[in-house]
Amino acid sequence: MLWRNWSVRIGGTALLALLLVATLAPWLGTVDPTLFDAASRDLRPGAAGEIMTLDGEMRKHTFLMGSDSFGRDIYSRVLYGTRVSLVVGIAAAALSVAFGVVIGLCAGYIRWLDGPLMRVMDGIMAIPAILIAIAVVALWRASLPTVIIAIAIPEIPRVTRLVRALVLSIREEPYVEAAVALGTPTGKIMFGHILPNTIAPLLVQGTYICAFSILLEAILSFLGVGLPPDIPTWGNIMAEGRVQFVAYPHNVFFPGVFLAVTVLAVNILGDGLRDTLDPKMAKRV
Amino acid sequence: MAGDAATAEQIERIRAGLGLDRPIVVQFGIWLGKVLSGDLGESFYFRIKVATLIGQRLEPTFALATLTILIAIIISIPLGVMAAWRFGGWFDRALMGFSVLGFSIPVFVLAYLLIWLVSLKLGWLPVQGYRRLADGFFPFLQHLILPAITLSVIYIALIARVTRASVLEALGEDYIRTARAKGLPELRVLVRHALANAAVPIATVIGIGIAILIGGVVVTESVYAIPGLGRLTVDAVLARDFPTIQGVILFFSFIYVLVNLLIDLSYVFLDPRIRY
């Protein structure tokens, strides 16, 4: 039923291809992304050159996307960068959905918690996402987990509001009333009866968060406040490439194209999921 | 701050000087009191008051944001109305396609694409930098127009989408049929009847979009080397200059909430049925 939708097909296929690229990165003609060779600096895309492996052995290598000012292979770095982007996107989406669901369920079903919880959420929403992320990263040293948490925090209120709104309408359904009348424990009603009915809109929301997280991670890395520069992420590659942008624009363009295509694929997948799973929401937006 | 070779006594003196020896709650209370009286503390790195620092960096950011919002509104609302008018047609589908693309293309990728195309290949505009308004209007605009266009793309995508949806909804109403039956010109039906009734959601999304705009300002100013608040935020994080980070974030959030409050109040003018 899902696969009939063209957006799901296009977005899903592109995303699967990227997942494959990320998993198979070592076998796709790449070298270790941290390798550098002073003799192969600033090569144009497609240039042949040599690179020294960690064992000190010289190896012939074609720099499909050129090399940067350290003599590192952009192609390998971009392919390995896919891993970081997808991991951050999926992990941040999962994390914010998990927290958002629990807080949203509590706020929607346990009435006295509603006020305090939602005011805290309103407070977080008053600060633009990118600033929260920057502040969290500034507070802790940047590493993969801190970057994921920093990106997930500003998304939690959005999930919470969605879940709370859904719970408020679902709790009036007759089957919930029946469960209450039968003396079902509150926890079981919340997670057993109400939660399953929120999954479709949550899946859609999760996809959009995933796309935004990939974007935000790249922005943080690009600004120099994200993952440490030695980790190959698309944002880091672009940040290093920007210094020589005028002479060697490919250092910025190749990771940029990968980033844009990935985010586009996830967004298209989200639109498709929304149209098939959540027709009511599709009409609204 | 004291350097790696500081003695325990020196560190203790600096801690006491900064008030770090007191309990967290007390520190927070003092900080809150100062903020409410307009004192955001002193920057560790620039060694001047954070409030002064923000004042110095305000002009470029304000100019960039204003120009971006202007461009976005002027372009997106007609596009959205057109798409709703010819709902399901090629223009509508093209605009929806553009809007997904606009949401997906990262602001800095777009920035470099435009610099490469407009400034390097075509040589129409300067690559980077900023000129104050006081140095003349033309150079000011010349340096600001490309960043503003870059930043407006995602905003255009957002506003056009909402304009299309809410005009579409208004077009289905009975009063539109009445207006057409009266023989009003189509343009007047679209603008005076459909768009006027779709104004509230459009105003709301312009307000919500300020959050995206602030995020975009941080990135755009870094790429185009504009010495504004966005650039200051990044510099402050890299220098671990906490009072400045805190001050800038507080300032941005204040502006965001203030703009949204003003927009909420503007509903009274946009829809006379709404009263506070």
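Inspection of the secondary structure assignment puts Leu168 of chain A in helix α6 (residues 156-170). On a C-alpha basis, the gap between Leu168 of chain A and Ala107 of chain A in space is 9.2 Å, while along the polypeptide they are 61 residues apart.

With that out of the way, let us pick up the confidence of the model for chain A. Looking at chain A as a whole, the pLDDT averages 82, with 82% of positions reaching at least 70. Ranking the elements of chain A by mean pLDDT puts helix α12 (residues 279-284) of chain A last with 54 and helix α5 (residues 144-152) of chain A first with 90.

The subject of this paragraph is the interface of chain B and chain A. When the parts of a complex come together, some accessible area is lost, and that lost area is often used as the size of the interface. Listed per partner, the contact involves 29 residues of chain B and 31 residues of chain A. Listed by contribution, the elements that provide at least two residues to the side of chain B that touches chain A are α4 (90-104), α5 (107-121), α9 (199-223), α10 (229-238) and α11 (242-270) of chain B. A class-by-class count of the residues in the side of chain B that touches chain A yields 23 nonpolar, five polar and one charged.

Here we come to helix α2 (residues 24-36) of chain B. Residue and element names in this part refer to chain B. Helix length check: α2 (13 residues) gives 18 Å between terminal C-alpha atoms against 18 Å at 1.5 Å per residue, within 8%. Burial of α2 is sparse: only zero of the 13 residues sit out of reach of the surface. In the stretch just after α2, Gly38 is the one whose phi turns positive, near 85°.

Let us look at the nonpolar core. Ranked by size, the top nonpolar core spans 145 residues in total, and within it Ile219 of chain A together with Phe108 and Ile159 of chain B carry the most contacts. Looking at this core, the element that brings in the most residues is helix α6 (residues 137-171) of chain B, giving 18 residues. Beyond its immediate stretch of four places on either side in the chain, Ile219 of chain A contacts Ile130 and Gly235 of chain A together with Pro106, Phe108 and Val219 of chain B.

Looking now at α6 of chain A. Residues and elements named next belong to chain A. With 15 residues, α6 ought to run about 21 Å at 1.5 Å a step, and its terminal C-alpha atoms sit 21 Å apart, in line with that. Those residues of α6 lying buried are Ile156, Pro157, Arg158, Val159, Thr160, Leu162, Val163, Arg164, Leu166 and Val167. Against the buried residues of α6 lie α2 (74-109), α3 (111-125), α5, α8 (186-194) and α9 (199-223).

Moving on, we come to the environment of Trp124 of chain B. Residues and elements named next belong to chain B. Examined against the element boundaries, Trp124 turns out to sit in the loop between α5 and α6. The exposure class assigned to Trp124 is exposed, which follows from the 11 C-beta atoms found within 10 Å. Remark: the alpha-carbon pair of Trp124 and Gln142, spanning 18 residues in sequence, is separated by 9.3 Å. Setting aside residues up to four positions removed in sequence, Trp124 forms contacts with Val118 and Ser119.

Parameters at a glance
Residues numbered from 1 in each chain as written. Chains lettered and ligands numbered in written order. Predicted model: local features only at pLDDT ≥ 70, side-chain atom pairs only at ≥ 80, totals over all residues. Helix = DSSP H or I, 4+ residues; strand = E, 2+ residues; numbered from the N terminus. pLDDT = per-residue confidence, 0-100. Contact = placed C-beta atoms within 7 Å. Nonpolar A, V, L, I, M, F, W, Y, C, P; charged D, E, K, R; others polar. Expected span 1.5 Å × (residues − 1). Buried ≥ 20, exposed ≤ 12 C-beta atoms within 10 Å, placed from the backbone. Core = buried A, V, L, I, M, F, W, Y, C linked by C-beta atoms within 7 Å.

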